[in-house]
Amino acid sequence: MKNIQDLKDLRLHDFLHLPLFEGHFPNGESDEERIKKFFSETTHSQVWVTDDDSVGYCVFVYDTKGVNKDKLLVVTNNDSKSLFLWSIDGKMFTKLSKCDCALISDQKLHLVEFKANVVSENLDSIGTHYDKASNQLSLTFEYIKEAYTNLKEDLFDVFSDVDAQIVFDKQIPQNSAYQKSVIAKFLKKNDITLSFGNELKL
């Protein structure tokens, strides 16, 4: 990882020294080792992110041959900035307890929840998945915010921007009216924006 100092500047090494995470580091691992356990870095101009069932957490994807791209989040990084993937659900926390991952670039924190394996075409059922995804994002945001408070930092002083995104399979019908309701409730609860979609431009 070439630009690990970028994450240290955001105090994420201190974050990983909080008591909750000590079980992940039984041998008193260094700051660098702690960060490398949960974070990946790329400077590719275009990269995909998926919640990989084979490993149980989110990873970068560079070769999409034979992969259903409708289920992926495509990130466009035209300036080839350092982009960090923070694998959260299934790696840092028990699976399905928090959002899947976060992307960090230029002091911006972008929380992501994948529901790309949802197969129902019933709009009411899809709405239930919207609510579940929104709740997982809220829980993660609240946790990270509280953790920074324990570090005597305001999350919004550390990061210049924080937002969230829900990723569904592109082929699943979109309940746009219910999406608007979920977005409004999320903003009111967390004071950060929520979006739906399979694309992210840095």
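Small disclaimer: the values here were computed from a predicted structure and weren't measured.

Engineer: I would appreciate a short explanation of the pairing of strand β5 (residues 83-87) in the present structure.
Structural biologist: Here is the key point about a regular strand: its side chains alternate between the two faces of the sheet. Of all five residues that make up β5, five are buried, and the element is covered over most of its length. In β5, alternate side chains face the same way, and those of L83, L85 and S87 on one face and F84 and W86 on the other are all buried. In the sheet, strand β1 (residues 39-42) pairs with β5 via four bridges, with the strands oriented antiparallel. Pairing of F39 across the sheet is with W86, part of β5. Sheet analysis places β5 next to strand β6 (residues 101-105), joined by four bridges and oriented antiparallel. Residue pairing in the sheet places L85 in a bridge with L103 of β6.

Engineer: Can you walk me through helix α4 (residues 123-150) in this structure?
Structural biologist: Side chains three or four residues apart in an α-helix point the same way, a direct result of the helix having 3.6 residues per turn. When the terminal C-alpha atoms of α4 are compared, their 41 Å separation across 28 residues agrees well with the 40 Å that a helix rising 1.5 Å per residue should span. Once α4 ends, the next one or two residues include K152, with phi positive near 60°.

Engineer: How do you make sense of the pattern of salt bridges when you look at a structure like this?
Structural biologist: Side chains bearing opposite charge may pair, as long as their charged atoms lie close to each other. Counting across every chain of the model gives 10 salt bridges. Of the charged contacts, one joins D14 and R11 as a salt bridge, the two residues approaching to 2.8 Å between their closest N and O atoms. Looking at D14, the relative accessible area reads 23%, which means it is partly exposed. Residue class for R11 comes out partly exposed when judged on its relative accessible area of 22%. Across the pair E22 and R34 runs a salt bridge, and its minimum N-O distance is 3.4 Å. Taken together, the residues E22 in the loop between α2 (12-15) and α3 (31-38) and R34 in helix α3 connect sequence positions 12 residues apart. Owing to a relative accessible area of 33%, E22 belongs among the partly exposed residues under this scheme.

So, how was this worked out
- Residues numbered from 1 in each chain as written.
- Predicted model: local features only at pLDDT ≥ 70, side-chain atom pairs only at ≥ 80, totals over all residues.
- Heavy atoms only, no water.
- Buried < 20%, exposed > 50% of the residue type's maximum accessible area, 1.4 Å probe, protein only.
- Helix = DSSP H or I, 4+ residues; strand = E, 2+ residues; numbered from the N terminus.
- Pairing = 2+ DSSP bridges.
- Expected span 1.5 Å × (residues − 1).
- Salt bridge = Lys/Arg side-chain N within 4 Å of Asp/Glu carboxyl O.

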